[in-house]
Amino acid sequence: NAGVTQTPKFRILKIGQSMTLQCTQDMNHNYMYWYRQDPGMGLKLIYYSVGAGITDKGEVPNGYNVSRSTTEDFPLRLELAAPSQTSVYFCASSYSGLKGEQYFGPGTRLTVT
Amino acid sequence: AQKITQTQPGMFVQEKEAVTLDCTYDTSDPSYGLFWYKQPSSGEMIFLIYQGSYDQQNATEGRYSLNFQKARKSANLVISASQLGDSAMYFCAMRVSYNNNDMRFGAGTRLTVKP
């Protein structure tokens, strides 16, 4: 099993550009998440999904969009990139329920200049 | 609202000694789960240990144990016999049952193990 994979690993965007961060998991988890981690900080939840076709906002959703057409894939779309979106982005997945530990991807380091 | 607080930005410990990383939490939900993750300098997030609010015993996983004090709303991570490879950021996180899609993370503690 590859677990949770993310592409790209690094990306530099100019202000106003758009991009999609890809996330795929092969563990058949229903739950998937997108977090951002700013320097020296913990993770903040951007969006999550409890299954294909179902998504919802987390703590910091502004400036992002997601879709979940399959169990495996959960792409994150940035429209009109801003310097405030410079961060490391982590995708995670888990089985459902309170105890479900989250399995994280390796992260995408995004810089917006 | 749920909240996680880690008050130690950085900690130092001598190799082979034990260290305690503090975590306090706040929630009005009686059913919740507490997690600790390790983030080495390579950046990945590694799950360490889980404690449920109704668990009678403190969780243990190898050299990691969780000192769960429910009345004080604390869930401190204890690492015994520290190793150089334990140097990393450590994050405490909480999930509550009424919205178990929302995992809240603390700001983290950077642990440095000295040889």
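The structure under discussion appears in the preceding block.
The model shown is predicted, which means the values in this text are computed figures rather than measured ones.

A. Looking closely at the overall build of chain B. Summing up its helical and strand segments, chain B has zero helices and twelve strands in all. When the elements of chain B are put in sequence order from the N terminus, they spell out β-β-β-β-β-β-β-β-β-β-β-β. Relative to its length of 115 residues, chain B is compact, with a C-alpha radius of gyration of 14 Å against a globular reference of 13 Å. Taking the principal axes of its C-alpha atoms as reference, chain B extends roughly 45 × 30 × 20 Å. Per-residue burial for chain B yields a buried fraction of 51% across its 115 residues. Per element, the accessible surface of chain B, about 5300 Å² overall, is 49% carbon and sulfur. Here chain B carries 11 positive and 10 negative side-chain charges, and the mean point of each set is 4 Å from the other.

B. The arrangement of the interface of chain B and chain A in detail. Chain B puts 23 residues into the contact, and the matching count from chain A is 21 residues. Overall, the association of chain B and chain A removes approximately 1800 Å² of surface from exposure, summing both partners, and the carbon and sulfur fraction of that is 56%. The largest contributions to the chain B side of the interface with chain A come from Met45(B), Arg95(B) and Asn101(B), which together make up 31% of the buried area. Our count for the contact surface shared by chain B and chain A stands at one salt bridge. Taking the shortest distance from any N to any O, the salt bridge between Arg104(B) and Glu59(A) comes out at 3.6 Å. Viewed at the interface, chain A and chain B are joined by four residue pairs in polar contact (both at pLDDT 80 or more). Counting residues per element, the ones that place at least two in the side of chain B that touches chain A are β5 (32–39), β6 (46–52), β10 (88–96) and β11 (103–105) of chain B. With five residues, the top contributor of residues to the side of chain B that touches chain A is β5(B).

C. Spatial organisation of the nonpolar core. In terms of nonpolar packing, the biggest core is built from 25 residues, with Tyr25(B), Leu34(B), Trp36(B), Ile49(B), Leu77(B), Tyr90(B) and Leu111(B) touching the most fellow members. With five residues, β10(B) is the largest single contributor of residues to this core. Ranked by size, the runner-up nonpolar core spans 20 residues in total, among them Ala92(A), Phe104(A), Tyr50(B) and Met103(B).

D. A look at the side chain of Gln102(A). Residue and element names in this part refer to chain A. You can see Gln102 is positioned in the loop between β9 (87–94) and β10 (103–104). Assessed through its relative accessible area of 1%, Gln102 is described here as buried. Engagement of the side chain of Gln102 in a polar contact is seen with the side chain of Tyr35, the distance being 2.8 Å.

E. Region of the structure containing the packing of aromatic side chains. Under the counting rule described, the total for this entry stands at 14 aromatic pairs over all chains. Ring centres 5.9 Å apart and planes at 45° place the aromatic pair Tyr37(B) and Phe105(B) in the tilted group. Of this pair, Tyr37(B) sits in strand β5 while Phe105(B) sits in strand β11, placing them 68 residues apart in sequence. Each member of the pair Tyr37(B) and Phe105(B) is classed as buried. The rings of Tyr33(A), Tyr35(A), Phe90(A), Phe104(A), Phe35(B), Tyr37(B), Phe47(B), Tyr50(B) and Phe105(B) are connected pair by pair, giving a single aromatic cluster. Across the ring face of Phe74(A), the terminal group of Arg68(A) is positioned such that the distance to the ring centre comes to 5.9 Å. The ring of Tyr64(B) has Arg63(B) lying over it, and the distance from NZ or CZ to the ring centre is 5.8 Å.

F. Structural view of the state of the cysteines. Residue and element names in this part refer to chain A. The final tally for this structure, using the stated rule, is two disulfides over all chains. Between the sulfur atoms of Cys23 and its disulfide partner Cys91 the distance amounts to 1.8 Å. Across the S-S bond of Cys23 and Cys91 the torsion is about -70°, and the bridge reads as left-handed. Remark: Cys91 occurs in strand β9 and Cys23 occurs in strand β3 (residues 19–25); sequence separation between them is 68 residues.

Parameters and conventions
- Residues numbered from 1 in each chain as written.
- Chains lettered and ligands numbered in written order.
- Predicted model: local features only at pLDDT ≥ 70, side-chain atom pairs only at ≥ 80, totals over all residues.
- Heavy atoms only, no water.
- Helix = DSSP H or I, 4+ residues; strand = E, 2+ residues; numbered from the N terminus.
- Rg over C-alpha atoms; globule rule 2.2 N^0.38 Å.
- Buried < 20%, exposed > 50% of the residue type's maximum accessible area, 1.4 Å probe, protein only.
- Areas by Shrake-Rupley, 256 points an atom, 1.4 Å probe, with all protein chains shown as cover.
- Lys, Arg positive; Asp, Glu negative; His and termini not counted.
- Charge placed at Lys NZ, Arg CZ, Asp CG, Glu CD.
- Contact = heavy atoms within 4.5 Å.
- Buried area = accessible area lost by both parts, 1.4 Å probe.
- Salt bridge = Lys/Arg side-chain N within 4 Å of Asp/Glu carboxyl O.
- Polar contact = N/O pair within 3.5 Å; in protein donor to acceptor, adjacent residues only side chain to side chain.
- Core = buried A, V, L, I, M, F, W, Y, C linked by side-chain atoms within 4.5 Å.
- Phe/Tyr/Trp six-rings, centres within 6.5 Å; stacked < 30°, edge-to-face > 60°.
- Lys NZ or Arg CZ within 6 Å of the ring centre and 35° of its normal.
- Disulfide = S-S within 2.5 Å.

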